[in-house]
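Coordinate inspection notes
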Amino acid sequence: MYTGKPVKRLYDDKFVNGKSTYVDDIKIPALYAEFVRSPFAHAVIKRIDASDALKVPGVVAVLTYNDIAPLIKDGIGIWTTYEDPKQWKFVKRKPLADKKVRYAGEPVAVVIGTDRYALRDAVERVQVDYEELPAVVKMEEALEDKVIIHEELGTNVAFDQTFSAGDVDKAFSSADKVIPLEITNNRLIPSPMEPRGIIARYEEGSLTVWYSTQVPHTARAEFARIFGMPTSKIRVIMPDVGGAFGSKVHITPEDVTVVASAIKLGRPVRWTATRTEEMLASEARHNTFKGEVAVKKDGTLLGIRGELLVDLGAYLTYTAPLQPALIPLMVPGPYRVRDIRIRSRAVYTNTPPITMYRGASRPEATFIIERIMSIIADELKLDDVTVREVNLVRAVDMPYTNPFGLKYDSGDYLGLLREGLRKLKYEELKRWAEMERKRGKKVGVGMAFYLEISGFGPWEFGEVRVTETGDVIVITGGTPHGQGTETAIAQVVADTLQIPIERVKVVWGDTEVVASSMGTYGSRTAAAAASAAMVAAKEVLEKMKKAAAKLLGADVQEVSYSNGEFVVGNKKATWDEVASFAYRSSEPGVYAQVTLPGDVTFPYGVHVAVVEVDDYGIIRVREYKAYDDIGNVINPALAEGQIHGGATQAVGQALYEEAVISENGQLLNTYADYFIPTAVEAPKFETYFAEKPHTSAYPTGAKGVGEAALIVGPAAIVRAVEDATGKRFTKTPIRPEEVI
């Protein structure tokens, strides 16, 4: 058995040896693209003069929107798999600015040439005359509609919906105390190690795209829609991807422009973002919840009411609609509160557009509800554990439908809280921290509980093939890009077929190899993709049994199988013998394709952080401990790695990272002062998974772990800082000057 064991990642040698192939490593004769970008947050484009740029040696073309407009049949829309366009006021985005720019850094023109360094000089020679307009960069000011970003909409409010359940007014009238609060998740930058990149080649009516993406089939469908091409004429290839964190799901205007340039010029065109361009292309979070909660003296949360305000930036990106729609649904978290009213609004501002980032709405919702729980504890002079014990959904109520209709599938939240805190030695740590503070040290311990929605459907694809020699090829709709989940899929298939894992190869990420795919995001691969592969493997095993029955001259019901050997009475045949026979029989070939339906599942857990604060307000997370119920754990080492990575990003969100926008809409950060945690800032980790997990309905029983630590980590870390300093913090990141 491989499942449940820390099998070493199967395909990592190339990364360790520097032999991986990212988009920028692909050797293909192609022109390079560089973008002319607006220096203003809001301005009218009066004139674009490219004559000087065209004189630069190696420059082939300078294209504006008017040059590529005839190729564009539709604009960049939203992810309709999960998002309803009818709920939104938005304009589908054009690949280059047309007549007007709406944020600093928006692409206005593309310069195409043979030398990427010469192109940098050419970009500076493109003369653009702008008429600067007033800009609005703050969400609250955007609500006033004094500056309208999209005139055709007549308002900056793109989404306005009230999520209401129960009798909120009654809950507040019966409260012993009403506590006001304001909680903010500030703007972040996902910052994958590999910036986004794309190569497009158009030949004889067919388009091939090498693309740093998480969703190759979705990208194919979007390119088909935007350019009015049949999907049969488009191939998207996902090479090695150096991280994504959700940011490479969305389709950027630069991507579309590169494709359009290749079609127009009839020559391959490539673009790899600079670090600065990556910072502009994908920003995330930035929202504020302002409201109040009704509580009883014993800590019971009776009701929540308030307003959620979400920043979209200048355009509605492919993935941004998730935030204002999903955050309210998950604000109840694992707790029994039934009376909730949240007005959720999303607004356009003259800032870089917001996209999806690891956790995508669940970190925000968890930060809100966990801050609420800790504030209740402080206001009522109760401890954190007691407040959560009072409010957690009970195991006897599972499956539980939350106030907004989400069905929590399985779990024992209270049991895990108690077992997890015992395992993590939370009470001992609290006593230790109190003693250390008496000695003059500023140390603190914080805990937070989370409930995550993951395993998103609606389906995933899996195919398993047995070759003539008995080797196995798994073609998965999952799109691993650093997580190692291809190893987990191989473990599941090897166990199902009872063959050595060395004989299993996992393939993904090419739309002409993989029949269909949703992709990897939302902690769904071990649940959805591995399950599809498992079901396909089971079907393949049945086909192998039928072939064995023919080979051994028996009925299929008489065939037994174990560890690579088929047996009928005293007759036997090996796996390889049956595979070889299958290709020589009247029904040659052994393979199965499965498109497996699926729905969301809900992992959960408790995490604990230990921090130390120095005299200058610099905070260090010394220890980070986690206890999670993520369903069946296919590979503990992979799962542990996800906790480590997510928790390190949680350190960044809680303490270091913030994309700062100036009053006139300029992104003020570079990576010199946008502080991503390194190994130096990473804490010591201690990770456990529930010994008796509550499984999902997926065949693997997995629930997902890819985003867990970033979902709950900021709340645990902020609580630890409060414990160390005696101050209250309701936003991320916590700045040193706020601590002193």
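In what follows, the accompanying structure is described. From a predicted model like this one, the values you see are computed outputs, not experimental measurements. (Residues numbered from 1 in each chain as written. Predicted model: local features only at pLDDT ≥ 70, side-chain atom pairs only at ≥ 80, totals over all residues. Heavy atoms only, no water.)

**Some points on the side chain of Asp240**
Structurally, Asp240 is set in the loop between strand S11 (234-237) and helix H7 (253-265). Side-chain polar atoms of Asp240 contact the side chain of Lys14, separated by 2.8 Å. A distance of 2.7 Å separates the side chain of Asp240 from the backbone nitrogen of Thr21, its partner in a polar contact. (Helix = DSSP H or I, 4+ residues; strand = E, 2+ residues; numbered from the N terminus. Polar contact = N/O pair within 3.5 Å; in protein donor to acceptor, adjacent residues only side chain to side chain.)

**Let's talk about the packing of helix H14 (residues 485-497) against helix H15 (residues 525-552)**
Two numbers describe how H14 lies on H15: the axes approach to 9 Å, and their chain directions differ by 30 degrees. Here H15 runs roughly parallel to H14, going by the angle between their axes. The two elements H14 and H15 meet at a crossing, and its hand is right-handed. Between H14 and H15, the contacting residues are Thr485, Ile489, Val492, Val493, Thr496 and Leu497 on the first element and Thr525, Ala529, Ala530, Ala533, Met534, Ala537, Lys538, Val540 and Leu541 on the second. (Axes fitted to C-alpha atoms, helices over the stretch in contact; angles between N-to-C directions. Parallel < 35°, antiparallel > 145°, perpendicular 65-115°, else oblique. Left-handed = near helix turned anticlockwise from the far one by under 90°. Contact = heavy atoms within 4.5 Å.)

**Here's the deal with the side chain of Thr208**
With respect to the secondary-structure elements, Thr208 resides in strand S10 (residues 206-211). Exposure remark for Thr208: the relative accessible area of 14% places this residue in the buried category. The contact partners of Thr208, leaving out residues within four places of it in the chain, are Ile199, Ala200, Arg201, Arg235 and Ile237. (Buried < 20%, exposed > 50% of the residue type's maximum accessible area, 1.4 Å probe, protein only.)

**Digging into the sheet that holds strand S3 (residues 59-63)**
Spatially, seven strands are ordered S3-S5-S1-S12-S9-S10-S11 in an open sheet, and the strand pairing comes out mixed. Only two strands of the sheet have a single partner each, and these edge strands are S3 and S11. Between one strand axis and the next, the sheet turns by 20 degrees as a mean value, whatever way the strands run. As paired elements, strand S1 (residues 31-37) and strand S12 (residues 269-272) share two bridges and run parallel to each other. Considered in S12, the bridge of Tyr32 is made with Arg270. Taken strand by strand, helix H3 (residues 116-125) contacts S1, S3, strand S5 (107-113) and S12, and its axis lies near 25 degrees from that of S1. Here H7 sits on the sheet in contact with S1, S3, S5, strand S9 (197-203), S10 and S12, set at roughly 25 degrees to S9. (Pairing = 2+ DSSP bridges.)

**Notes on the pattern of salt bridges**
Summed over all chains, the structure comprises 58 salt bridges. Salt-bridge contacts for Asp98 lead to Lys94; the nearest nitrogen and oxygen are separated by 2.6 Å. Look at Asp98 and you get buried, because its relative accessible area is 18%. We note a salt bridge from Asp98 to Lys99, for which the minimum N-O separation is 3.5 Å. In the salt-bridge network here, residues are joined through shared partners; they are Glu370, Arg371, Asp378, Asp384, Arg388, Arg719 and Glu722. (Salt bridge = Lys/Arg side-chain N within 4 Å of Asp/Glu carboxyl O.)

**Overview of unusual backbone geometry**
The omega torsion across Met398 and Pro399 is -5 degrees, close enough to zero to call that bond cis. Among the secondary structure elements, Pro399 is positioned in the loop between helix H11 (384-391) and strand S16 (400-401). The step from Thr732 to Pro733 runs through a cis peptide bond, and the omega angle for that step is -5 degrees. Checked against the element boundaries, Pro733 lands in the loop between strand S29 (731-732) and helix H19 (736-739).

**Structural notes on the environment of Ile501**
Topologically, Ile501 is positioned in the loop between H14 and strand S21 (504-507). Leaving out residues up to four positions away in the same chain, Ile501 has contacts with Tyr2, Val7, Leu10, Thr487, Ala490, Gln491 and Ala494.

**Quick word on the sheet that holds strand S13 (residues 284-295)**
Backbone-to-backbone hydrogen bonds join strands into a sheet, with any given pair of strands oriented parallel or antiparallel. On the basis of which strands lie adjacent, the open sheet formed by six strands has the order S7-S15-S14-S13-S8-S29 and mixed pairing. The two strands at the open ends of the sheet, each matched to only one other strand, are strand S7 (157-165) and S29. Bridge count for S7 against strand S15 (residues 339-348) is eight bridges, and the pairing is antiparallel. Along S15, the bridge assignment pairs Ser164 with Arg341. The strands touched by helix H9 (residues 322-330) are S7, S13, strand S14 (301-313) and S15; relative to S7, the strand with the most contacts, the crossing angle is about 15 degrees.

**A short note on the pairing of strand S20 (residues 472-476)**
Burial analysis of S20 places four of its five residues in the buried class, which makes it a mostly covered element. Here five bridges tie strand S19 (residues 459-466) to S20, and the two strands are oriented antiparallel to one another. Counterpart to Glu463 in the pairing with S20 is Ile475. Taken together, S19 and the strand that follows it, S20, pair antiparallel across an intervening segment of five residues, in which Gly470 is found at a positive phi of about 90 degrees. Judged from the four bridges that link them, S20 and S21 form a sheet pairing that is parallel. For Val472, the partnering residue across the bridge sits in S21 and is Val504. Between the parallel elements S20 and S21, the chain passes through H14 in a crossover that is right-handed. (Right-handed = clockwise from strand over helix to strand, strands pointing away.)

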